Amino acid sequence: MDIQAEKIQLAKLLLATDNPEILASIKMIFKQDIADDFWNELSLKQQNEIDTALLEIKNGEVSDYDLFMQNHR
């Protein structure tokens, strides 16, 4: 089914329902979709730094917090 047919089918379902919970759920989905994701507000440099840090964590390239603090006090 193409996107336009999908939209029409959803519109028909929406118009046919009188269930306020369904309507509230659909409204919430659209509100969440509209809200800006903080990731998009970060600079490319910040995004790259986070991606690098996540990769380091995944690869086990981490330091023990207490040991790190002992060396820097």
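Residues numbered from 1 in each chain as written. Predicted model: local features only at pLDDT ≥ 70, side-chain atom pairs only at ≥ 80, totals over all residues. Heavy atoms only, no water.

**A short note on the overall build of the chain**
- Tallying secondary structure elements over the chain gives 5 helices and 0 strands in all.
- Here the chain has a C-alpha radius of gyration of 23 Å; the compact-globule value for 73 residues is 11 Å, and the former is much larger.
- Over its C-alpha atoms, taken along the principal directions, the chain stretches across nearly 65 × 25 × 20 Å.
- A burial count over the chain gives 3% of its 73 residues as buried.
- Summed over its atoms, the accessible surface of the chain is roughly 7,100 Å², and 58% of this surface lies on carbon and sulfur atoms. (Helix = DSSP H or I, 4+ residues; strand = E, 2+ residues; numbered from the N terminus. Rg over C-alpha atoms; globule rule 2.2 N^0.38 Å. Buried < 20%, exposed > 50% of the residue type's maximum accessible area, 1.4 Å probe, protein only. Areas by Shrake-Rupley, 256 points an atom, 1.4 Å probe, with all protein chains shown as cover.)

**Observations regarding helix α4 (residues 44-58)**
- Along its 15 residues, α4 runs 21 Å from first to last C-alpha, staying within 8% of the 21 Å computed at 1.5 Å per residue.
- Remark: Gly-60 follows α4 within two positions and exhibits a positive phi of approximately 75 degrees. (Expected span 1.5 Å × (residues − 1).)

**Comments concerning helix α1 (residues 3-16)**
- Counted at 1.5 Å a residue, the expected span for α1 with its 14 residues is 20 Å, and the 20 Å between its end C-alpha atoms agrees.
- Structurally, the start of α1 carries an N-cap: the backbone nitrogen of Gln-4 is 3.3 Å from a side-chain oxygen of Asp-2. (Polar contact = N/O pair within 3.5 Å; in protein donor to acceptor, adjacent residues only side chain to side chain.)

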